[in-house]
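Residue strings, one per chain:
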Amino acid sequence: MPKLPYPPYEHPKHETPGRLRSRNWFDNLANCDATAIYLERYPNYGITREEMQGGKPIIGIAQTGSDLSPCNRHHLELATRLRDGIRDAGGIPFEFPVHPIQESCRRPTAALDRNLAYLGLVEVLHGYPLDGVILTTGCDKTTPACLMAAATANLPAIVFSGGPMLNSYHKGQLAGSGMALWDGRRMLAAGEIDLQGFFDLVAASVPSIGHCNTMGTATTMNSLAEALGMSLPGCASIPAPYRERAQMAYETGRRIVAMVHEDLTPSKILTREAFENAIIINSAIGGSTNAPPHIAAIARHIGVELEIKDWETIGHEIPLLVNLQPAGEYLSESYHLAGGVPAVFGELMAAGKIRTGALTVTGKTAGENYAAARSLDQKVIRSYDNPLLENAGFLVMTGNLFHSALMKTSVIGEEFAQRFLRTPGSEGVFTGKAIVFDGPEDYHARINDPDLGADEHSVLIVRGAGPVGYPGSAEVVNMLPPASLVRKGVTQLPTLGDGRQSGTSASPSILNASPESAVGGNLNIIRTGDQLRIDLNARRVDLLISDEEIAARRAAMTIDVPPHQTPWQELYRGHVGQLETGGCLEFAVKYHDVCRDTPRHSH
């Protein structure tokens, strides 16, 4: 088991230069009436006035664990060790809840709640007497929601992730969480298992506390939090049940107190260089296509320019080093034992691919943190000159159907490549017949209709699945072919849509198409039977009709969006942007450093 690469740092022996923010609440003798109000209620559960007024940093613990969020639930226990670290370093912990986000159970989609949790956390950080905050993360959307809020608030902040589940097995074979679901759907459609076998396979993929043990969006985003410099080195990959997870909680609690004394804020860490490192690491780990919208949102909230095309220009040439499902073979416990994010950094640094000067929460640079790190198991984390795949980053596609969309090249399998991408003289280019679905309900209702007309060269398209149309942008683009084709061995067709795809899926979809159909994107005008040309070399997807026909179809276009079901859905739809630019609440991105000024008194 690898030793935790705790960064060396000196614990400060002095108080923060200047006045702690919390003292404007608890020790403001110039306004003793207000100070009395702020002090009078907290002692009712046992904290003392001396603790609050003793000049020690007040550290928030943003608690994302709850019974509704099983992948993060163990943070309820881990918070004890966070508190221990804060106390031992001379701080006072204040734990508070964050709006719950449960990826696989929240309907219509957990993506709705990322921005809601962001808003709530910003208000807590701005309006309460906190000097710094620990962001407890895990399940997919909790990590970007917390980092977006930390970026807006700009208080000293550090990410403490909850870690992945242990390796999972079914009938002696690795059965990765999420991956088992997609594999089970295929096997059920092919008649290889029955319904009970399907349920058994999916249940076997969840063996312990923790988030997905594949390189799904959860492992991706927690790895990228570390890549951004916002976690202690080694934090991202420690499995949730390991003792090192609680040890890392203690060290994180100690470190946030030091960060307050050092005034080490997100704006000093989340620089352009940090975001470039995140893109590079994402390619090397085979990260999720959900990463670009989340990373874009964090960048916008901290005020760093980051374009969708950067994912290709910076990341495409980076090879795949991490052999993890869905792009590889192993699961996250093996990823950790092979060295986790530090090992990936070390291998990339040896090749000169990392922005080594990027500052991190340790107070040191990425180059200093990871200089000695290397892979501990070359089967799981490869060296740069012996990768699983060259050029493993995303392709950023355009064309006459959308301004941008993403394709994850590291999950293109041999059978798919042979059927679509290796025609002599037209390598990387294919033409297919569009089979169009208006939302996932339409897909599920008609995919096995004998009159659908889908064959082994068709392109499945789903629209109405973007941020406005769904609402929230749904993970529905990784569509299984008709069961009749699956039984013939055609387990994947090209899929395209304005929604997203689960990070645990191995489908080489073209997704996150922006603008989406619900705001007038050209996915609205495509019809079943139309021919599409997909050219990976030119990075284009084109509907093969004339410009005149496109104009005529746009003139006749109608947009049918399902009605709002809740007040939040209406508010969200009225202000959300496209996936290309992060799916942010557009009015929110102008707010920066909101904790710089003290809020007005409450009485």
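Scroll up to find the structure this text is about.
First, a word on scope: everything that follows refers to the structure included in this document. Quantities reported herein were computed from a predicted structural model and do not represent experimental measurements.

### Considering the packing of helix 9 (residues 217–227) against helix 12 (residues 272–285)
Then step 1. Look at helix 9 against helix 12: their axes get within 9 Å of each other, and the N-to-C directions meet at 140°. With respect to their mutual orientation, helix 9 and helix 12 come out oblique. The two elements helix 9 and helix 12 meet at a crossing, and its hand is right-handed. Contact residues: helix 9 offers Thr220, Ser223, Leu224 and Ala227, while helix 12 offers Ala274, Asn277, Ala278, Ile281, Asn282 and Ile285.
Then step 2. Among the residues forming the contact of helix 9 with helix 12, the class breakdown is six nonpolar, four polar and no charged.

### Considering the packing of aromatic side chains
Then step 1. For the structure shown, the criterion picks out nine aromatic pairs.
Then step 2. Summarising the aromatic geometry, the rings of Phe26 and Tyr42 are spaced 5.9 Å apart at their centres and angled 85° between planes, so their arrangement reads as edge-to-face. Taken together, the positions of Phe26 in helix 1 (residues 23–26) and Tyr42 in the loop between helix 2 (32–40) and helix 3 (49–53) put the pair 16 residues apart, joining distant regions of the chain.
Then step 3. Relative accessible area serves as the criterion here: at 0%, Phe26 is assigned to the buried category.
Then step 4. Take Tyr42: its relative accessible area is 22%, and that puts it in the partly exposed class.
Then step 5. Between Phe345 and Tyr370, the ring centres sit 4.2 Å apart and the planes meet at 10°, which makes this aromatic pair stacked. Of the two residues, Phe345 sits in helix 16 (residues 340–350) while Tyr370 sits in helix 17 (residues 366–370), which places them 25 residues apart along the sequence.
Then step 6. Taking the relative accessible area as the measure of exposure, Phe345 reaches 0% and is therefore buried.
Then step 7. For Tyr370, a relative accessible area of 2% corresponds to the buried category.
Then step 8. One aromatic cluster is present, formed by Phe26, Tyr42 and Phe94 through successive ring pairs.

### Points about the pairing of strand 1 (residues 58–63)
Then step 1. Of all six residues making up strand 1, six are buried, and the element is well covered by its neighbours.
Then step 2. With burial as the criterion, each face of strand 1 is covered, one bearing Ile58, Gly60 and Ala62 and the other bearing Ile59, Ile61 and Gln63.
Then step 3. Sheet topology note: the strand 1/strand 2 (residues 92–97) ladder contains six bridges and is parallel. Across the sheet, Ala62 pairs through a bridge with Phe96, a residue of strand 2.
Then step 4. Handedness of the β-α-β unit built from strand 1, helix 4 (residues 75–88) and strand 2 comes out right-handed.
Then step 5. Both strand 1 and strand 3 (residues 132–137) contribute to a ladder of four bridges, which runs parallel. Within strand 3, the residue paired with Ile59 across the bridge is Gly132.

### Some remarks on the pairing of strand 14 (residues 540–543)
Then step 1. Strand direction decides the pairing type here: strand 7 (residues 394–399) and strand 14, joined by two bridges, are parallel. Its bridge partner being in strand 14, Thr398 is matched across the sheet by Arg540.
Then step 2. The pairing of strand 13 (residues 531–535) with strand 14 spans four bridges and is classified as antiparallel. Note on strand 14: the bridge partner recorded for Leu532 is Leu543.

### Let's talk about a nonpolar patch on the surface
Then step 1. Taken together, the side chains of Leu188, Leu195 and Phe199 make up a nonpolar region of the molecular surface, amounting to roughly 270 Å² of accessible area.
Then step 2. The exposure class of Leu188 is partly exposed, given its relative accessible area of 31%.

### Details of the packing of helix 6 (residues 142–153) against helix 9
Then step 1. Axis separation between helix 6 and helix 9 bottoms out at 9 Å; the angle between their running directions is 30°. The residues of helix 9 that touch helix 6, namely those facing Thr143, Pro144 and Leu147, are Met221, Asn222 and Ala225.
Then step 2. For the contact of helix 6 with helix 9, the per-class residue count stands at four nonpolar, two polar and no charged.

### Focus: the side chain of His294
Then step 1. Relative to the helices and strands, His294 resides in helix 13 (residues 291–302).
Then step 2. Only 3.1 Å separates the side chain of His294 from the side chain of Arg114, close enough to count as a polar contact.
Then step 3. When sequence neighbours within four positions are dropped, the list of residues in contact with His294 reads Arg114, Lys141, Pro144, Thr217 and Met221.

### Examining helix 9
Then step 1. Along helix 9, eleven of the eleven residues are buried, which leaves the element largely enclosed by surrounding structure.
Then step 2. Among all positions of helix 9, only Thr217, Ala218, Thr219, Thr220, Met221, Asn222, Ser223, Leu224, Ala225, Glu226 and Ala227 are buried.
Then step 3. Just past helix 9, the residue Gly229 takes up positive phi, approximately 90°.

### Structural notes on the pattern of salt bridges
Then step 1. Scanning the model with the defined rule gives 32 salt bridges in all.
Then step 2. Ionic pairing is found between Arg186 and Glu192, a salt bridge with its closest N-O pair at 3.8 Å.
Then step 3. Overall, the relative accessible area of 24% leaves Arg186 in the partly exposed class.
Then step 4. Measuring nitrogen to oxygen at the nearest pair gives 3.2 Å for the salt bridge that ties Glu475 to Arg500. You can see Glu475 sitting in the loop between strand 10 (458–463) and helix 20 (483–486) and its partner Arg500 sitting in the loop between strand 11 (495–497) and strand 12 (510–514), a full 25 residues away along the chain.
Then step 5. When its relative accessible area of 3% is taken as the criterion, Arg500 is described as buried.
Then step 6. Put simply, Arg272, Glu276, Asp310 and Arg355 are held in one network by salt bridges that share partners.

Thresholds applied
- Residues numbered from 1 in each chain as written.
- Predicted model: local features only at pLDDT ≥ 70, side-chain atom pairs only at ≥ 80, totals over all residues.
- Heavy atoms only, no water.
- Axes fitted to C-alpha atoms, helices over the stretch in contact; angles between N-to-C directions.
- Helix = DSSP H or I, 4+ residues; strand = E, 2+ residues; numbered from the N terminus.
- Parallel < 35°, antiparallel > 145°, perpendicular 65-115°, else oblique.
- Left-handed = near helix turned anticlockwise from the far one by under 90°.
- Contact = heavy atoms within 4.5 Å.
- Nonpolar A, V, L, I, M, F, W, Y, C, P; charged D, E, K, R; others polar.
- Phe/Tyr/Trp six-rings, centres within 6.5 Å; stacked < 30°, edge-to-face > 60°.
- Buried < 20%, exposed > 50% of the residue type's maximum accessible area, 1.4 Å probe, protein only.
- Pairing = 2+ DSSP bridges.
- Right-handed = clockwise from strand over helix to strand, strands pointing away.
- Patch = residues over 30% accessible without salt bridge, like charges linked within 9 Å, V, L, I, M, F, W, Y side chains within 5 Å.
- Areas by Shrake-Rupley, 256 points an atom, 1.4 Å probe, with all protein chains shown as cover.
- Salt bridge = Lys/Arg side-chain N within 4 Å of Asp/Glu carboxyl O.
- Polar contact = N/O pair within 3.5 Å; in protein donor to acceptor, adjacent residues only side chain to side chain.

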